[in-house]
Amino acid sequence: MAENKSWVLMVTAQTPTNIAVIKYWGKRDESLILPINDSISVTLDPSHLCTTTTVAVSPDFTHDRMWLNGKEISLSGGRYQNCLREIRSRASDVEDEKKGIKIAKRDWENLHLHIASYNNFPTAAGLASSAAGFACLVYSLAKLMNVKEDNSHLSAIARQGSGSACRSLYGGFVKWIMGKDDNGNDSIAVQLVDEKHWDELVILIAVVSSRQKETSSTSGMRETVETSPLVLHRAKEVVPKRVVEMEEAVKSRNFPAFARLTCSDSNQFHAVCLDTSPPIFYMNDTSHRIISCVEKWNRSEGTPQVAYTFDAGPNAVLIARNRKVAALLLQRLLFHFPPQSGADLNSYIVGDKSVLMDAG
Ligand code: DP6
C-alpha cells in the first residue's frame, strides 16, 4: 500500500437489467440461491433501465458502507455479505502507478469499501432492479479488486445476491443453467447470442405502476414452492422443453415461436402465483387489458407481431418484432391507454437490447 498517504481508488460500472422470457420462479436452496429450473432472459439497453455503481477503497474507511439512490442501506444481510466475501476471496494484487498505490492480495481482507449505487428506474416495482443492482455490484468490485475470473464465474457470485442478477452479466439473450451441484458452482449464466444477433427486436415497457410491489419475488417464490401443486409440474415437465424450444427460436430468429413461448411462459408463471396459497396477484386490470389488446392484434394479423411478459408486478414488457411494429404498438397503447385516462399507465420506456459496459 502507499506509505502513510491518504488515497482512494475507485471504479464505476453500469449494468442493464434483464427481462426473463422463460421465468425463474422457485429455489431448491435458499441461501445459495439455486433455482428449480433453467431460465432465459434478454438484457436491456443500459440507457433506459440500468444501475450505475461506484465502488471505492481507502485505508481511511473504517467499515464497509453502501448507499442506494443516495440513502445509506445496511450491508449486514446475507446476500451482500456472500457477494463481498466471494469477491474478496478472489482479489489479486492491484497497482496504480500514477497514484503510487500498491495493494497486495492479502491487504484486501483488511481494507474497507464504500459503495454508491443508483437505479435510473423505480426500485422493486417488478422491473428487476435487484438483477441490475447485484450484477453491477459484483462486476464493479471484481474490476476494483482485479478479480481474474470471467463473467460466467462472476455470474455465480451475482446469483448469490439475487438469482436473476446472474443473467445481467451478459448482453443479448442469456440462459441461467440451474446446475446440479449442491455447492452451486455449476449454477451459472451463459450467453446464448449477443446483442447484435437479433437487433430488429424493440422492447417497450409500459409502466402500469411504479409503486413498490406487495409481495417480493423472494417471499413470493418461497410461498409458491411451499404450497403450489402446479409449480413442480412447471419446473420438471414444462420448462425443460420450453428452454430447448426458446433457444432454437432465438438462434433462428423465429419470432412467431419466440412470441408464443414468451407469452405462454409469462401466463404460466402468473398461473403458478395464483396457485399459491394465499394466491399472489402481480398483474392488475390494466395488465390484463394489455394482454387482451396484444392477443387480439396478433390474432387479427394471423402471425404474432408482439410478445408480452410480466414479472413480479403489473408492468408490461412488450417485445415488438421490428421498429415499424413498435411504432404501431406505441400508437395503440396511447389510443387504448391515453395518459391521465385513469388507467394508471403512466409512462412508456422504449429500448433496444444491449451489453454490459464500463462507465469508468
Ligand atoms: C419474476 O431474482 O428477484 O423476475 O433470487 O429471490 O432475489 P431472488 O429473486 P429475483 O426473482 C426474479 C423473478 C422474476 C423472473 C425472472 O427474472 O426470471
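Being a predicted model, the structure only gives us computed values, none of them experimental.

**What about the overall build of the chain?**
- Within the chain, the secondary structure is distributed over eight helices and 18 strands.
- Within the span of the chain, comprising 360 residues, buried residues form 46% of the whole.
- Put simply, 74% of the contacts in the chain that link residues at least 6 apart link residues at least 24 apart.

**Observations regarding the site of the ligand**
- Lining the immediate environment of the ligand, one finds 15 residues, of which Ala20, Tyr24, Ser162, Gly163 and Ser164 sit closest.
- Partitioned by chemical class, the residues of the shell around the ligand number six nonpolar, seven polar and two charged.

**Description of the environment of Lys251**
- Topologically, Lys251 is positioned in helix α5 (residues 230-251).
- The exposure class of Lys251 is partly exposed, given the 13 C-beta atoms found within 10 Å.

**Examining the environment of Tyr139**
- Take Tyr139: it is sitting in helix α2 (residues 129-144).
- The spatial distance from the C-alpha of Tyr139 to the C-alpha of Ser92 is 15 Å, given a sequence separation of 47 residues.

**Some points on the nonpolar core**
- Within the largest apolar cluster, 94 residues are counted, with the highest numbers of intra-cluster contacts made by Ile87, Ala135, Val138 and Leu318.
- The biggest single contributor to this core is α2, with eleven residues.
- Each residue touching Leu318, except ones within four places of it in the same chain, is listed here: Leu204, Ala206, Val294, Val306, Tyr308 and Leu329.

**Re unusual backbone geometry**
- Cis geometry is found at the peptide bond from Ser277 to Pro278, where omega equals -5°.
- Although it is not a glycine, Ile33 adopts a positive phi angle of roughly 55°.
- The residue Ile33 is located in the loop between β3 (27-29) and β4 (34-35) in this model.
- For Asn69, which is not glycine, the phi torsion reads 50° and is therefore positive.
- Positionally, Asn69 belongs in the loop between β7 (65-68) and β8 (71-73).

**Focus on the sheet that holds strand β12 (residues 173-176)**
- Read from one edge of the open sheet, four strands run β2-β5-β12-β13, paired in antiparallel fashion. Because the sheet does not close on itself, it has two edges, and the strands there are β2 (18-22) and β13 (189-193). Here the strands of the sheet are splayed against their neighbours by 35° on average, with no regard to which way each runs.
- Where strand β5 (residues 39-43) lies against β12, four bridges are found, and the strand directions are antiparallel. By the bridge assignment for β12, Ser39 is matched with Trp176.

**As for the packing of α5 against helix α6 (residues 255-274)**
- At their nearest, the axes of α5 and α6 sit 10 Å apart, and the two run at 160° to each other. Comparing their axes, α6 and α5 come out roughly antiparallel. Of the two elements, α5 crosses α6, and the hand of that crossing is left-handed. For the pair α5 and α6, the contacting residues are Leu230, Val231, Arg234, Val238, Arg242, Glu245, Met246, Ala249 and Val250 in the first and Ala257, Phe258, Leu261, Asp265, Gln268, Ala271 and Val272 in the second.

**Quick look at helix α3 (residues 151-158)**
- A large share of α3 lies buried, amounting to six of its eight residues.
- Looking at α3, one finds that the buried residues are Asn151, Leu154, Ser155, Ala156, Ile157 and Ala158.

**Considerations on the pairing of β12**
- Of the two faces of β12, the one carrying Phe173 and Lys175 and the one carrying Val174 and Trp176 are both buried.
- In this sheet, β13 lies alongside β12 in antiparallel orientation, the contact comprising four bridges. From the neighbouring strand, Phe173 faces β13, where its bridge partner is Val193.

**Digging into the environment of Asp93**
- Among the structural elements, Asp93 can be located in the loop between α1 (78-88) and β9 (94-96).
- Asp93 gets classed as partly exposed once you count the C-beta atoms within 10 Å, which come to 13.
- Sequence-distant contacts of Asp93, defined by excluding residues within four places in its chain, comprise Ile103, Ala104, Lys105 and Asn146.

**Brief notes about the confidence of the model for the chain**
- Scored by pLDDT, the chain has a mean of 91; 89% of the residues are at 70 or more.
- Listed scores for the predicted complex are pTM 0.93 and ipTM 0.99.

The rules behind the values
- Residues numbered from 1 in each chain as written.
- Predicted model: local features only at pLDDT ≥ 70, side-chain atom pairs only at ≥ 80, totals over all residues.
- Helix = DSSP H or I, 4+ residues; strand = E, 2+ residues; numbered from the N terminus.
- Buried ≥ 20, exposed ≤ 12 C-beta atoms within 10 Å, placed from the backbone.
- Contact = placed C-beta atoms within 7 Å.
- Near = placed C-beta within 6 Å.
- Nonpolar A, V, L, I, M, F, W, Y, C, P; charged D, E, K, R; others polar.
- Core = buried A, V, L, I, M, F, W, Y, C linked by C-beta atoms within 7 Å.
- Pairing = 2+ DSSP bridges.
- Axes fitted to C-alpha atoms, helices over the stretch in contact; angles between N-to-C directions.
- Parallel < 35°, antiparallel > 145°, perpendicular 65-115°, else oblique.
- Left-handed = near helix turned anticlockwise from the far one by under 90°.
- pLDDT = per-residue confidence, 0-100.

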